[in-house]
Amino acid sequence: MRFLLLSLLCLVPGLARAQAEELENPGTVSAVQDRLYRMHHELSLGVGVLPADAFYKGLIGTVGYTYHFSDSLAWQVGRGTYSYNVQTSLRSQLERDFDAAPTATAFEDQVQWMVGSDLMWSPLYGKTSFLNSNVIHFEVFLLAGGTVVKVDRSDGFRPAVNLGLGVRVFSTQNVSFRLDVTNNTVFAGAARIINVPTVQIGTAFNFGATE
């Protein structure tokens with residue numbers, strides 16, 4: 001009996017040290033918090049720019065509707081973009097200083113409007129804090145789809161493949177803000193391809209989803 005008591009007394013310090021180490025190093029147990037905001041029916045309104053062409057810049061307005069199948073997969077059923085084109089100073093400089101004008105093709109390739117549809121995949125969702133005070137919920141998405149582009153030609157309807165990347169910042173369950181950076185690869189002829197990149201910011205209105 002006396003031997004048993006002595007053995008228990010010797011084990012007590014070891015058990016205490018083991019419990020302390022477990023509290024200091026809790027192991028690899030982790031939990032992923034469920035997302036706060038979910039999308040369902042999305043109506044988006046955006047403004048942006050076509051920045052790439054040297055002879056004009058397009059100021060664009062876009063409206064679109066997106067149906068979200070899940071938190072990560074959605075179909076941008078339809079989007080329509082109108083471009084108001086502004087001549088750059090390069091054309092005026094060529095005409096003024098060198099008595100030369102750009103080729104007709106350069107002006108025939110100016111985008112007037114675009115309509116298309118995309119699949120959207122959102123692999124990243126997270127939250128961060130701003131100045132350690134406000135929590136910001138966001139997601140990153142990729143999109144790929146097809147577009148019909150109207151350019152300044154008599155037969156100016158051209159097919160295109162659209163690829164892009166976007167970021168969404170949630171304000172409330174019903175309102176979020178989007179930044180979309182995309183590129184439409186326009187097949188303008190048998191051996192001619194036009195790249196039409198867009199940079200756009202917009203507001204999205206979400207209907208039919210619950211927190």
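Refer to the structure presented above.
Being a predicted model, the structure only gives us computed values, none of them experimental.

Focus on the nonpolar core
Item 1. Within the largest apolar cluster, 12 residues are counted, these being Leu50, Tyr56, Ile60, Val111, Met114, Val149, Val151, Ala160, Val186, Ala188, Ile194 and Val196.
Item 2. Breaking this core down by element, the ones donating at least two residues are strand 2 (56–68), strand 4 (111–130), strand 5 (134–151) and strand 8 (193–207).
Item 3. In contact with Val186, other than residues within four places in its own chain, are Val149, Arg158, Pro159, Ala160, Arg192, Ile193, Ile194 and Val196.

Let's talk about the sheet that holds strand 3 (residues 73–87)
The strands that make up a sheet are held in pairs by hydrogen bonds between backbone atoms, and each pair lies either parallel or antiparallel.
Item 1. As summarised here, the arrangement of the eight strands in space is 1-2-3-4-5-6-7-8, forming a closed barrel in which the pairing is antiparallel. Strand-to-strand twist in this sheet, taken as the mean axis angle between neighbours without regard to direction, amounts to 25 degrees.
Item 2. By the bridge criterion, 14 bridges tie strand 5 to strand 6 (residues 157–170) in an arrangement that is antiparallel. Among the inter-strand pairings, Thr147 is bridged to a residue of strand 6, identified as Ala160.

A short note on the pattern of salt bridges
Item 1. Applying the stated criterion across every chain, the model contains seven salt bridges.
Item 2. Note that Arg168 is salt-bridged to Glu42, the shortest N-O span being 3.0 Å. Taken as a pair, Arg168 in strand 6 and Glu42 in strand 1 (residues 41–50) lie far apart in primary sequence, 126 residues in all.
Item 3. Taking the relative accessible area as the measure of exposure, Glu42 reaches 0% and is therefore buried.
Item 4. A salt bridge links Arg79 to Asp118; the shortest N-O distance between them is 2.5 Å. With Arg79 in strand 3 and Asp118 in strand 4, the pair connects residues that are 39 residues apart, well separated along the chain. Of the two residues, Arg79 and Asp118, both sit in the buried class.
Item 5. Residues joined by salt bridges that share partners form a network here, namely Arg35, Glu42, Glu139, Arg168, Arg178 and Asp180.

Here's the deal with the environment of Leu119
Item 1. Positionally, Leu119 belongs in strand 4.
Item 2. Overall, Leu119 belongs to the exposed group, its relative accessible area being 52%.
Item 3. Excluding residues within four positions of it along the chain, Leu119 makes contact with Ala74, Trp75, Leu142, Leu143 and Ala144.

A word on the pairing of strand 1
Item 1. Where strand 1 lies against strand 2, 10 bridges are found, and the strand directions are antiparallel. Bridging from a neighbouring strand, Val49 pairs with Leu59 of strand 2.
Item 2. Hairpin connection between strand 1 and strand 2: a loop of five residues separates the two successive antiparallel strands.
Item 3. Two strands pair when backbone bridges link them, and strand 1 and strand 8 are joined in this way by nine bridges, in the antiparallel orientation. Note that in strand 8 the partner of His41 across the bridge is Phe207.

Rules used throughout
- Residues numbered from 1 in each chain as written.
- Predicted model: local features only at pLDDT ≥ 70, side-chain atom pairs only at ≥ 80, totals over all residues.
- Heavy atoms only, no water.
- Core = buried A, V, L, I, M, F, W, Y, C linked by side-chain atoms within 4.5 Å.
- Buried < 20%, exposed > 50% of the residue type's maximum accessible area, 1.4 Å probe, protein only.
- Helix = DSSP H or I, 4+ residues; strand = E, 2+ residues; numbered from the N terminus.
- Contact = heavy atoms within 4.5 Å.
- Pairing = 2+ DSSP bridges.
- Axes fitted to C-alpha atoms, helices over the stretch in contact; angles between N-to-C directions.
- Salt bridge = Lys/Arg side-chain N within 4 Å of Asp/Glu carboxyl O.

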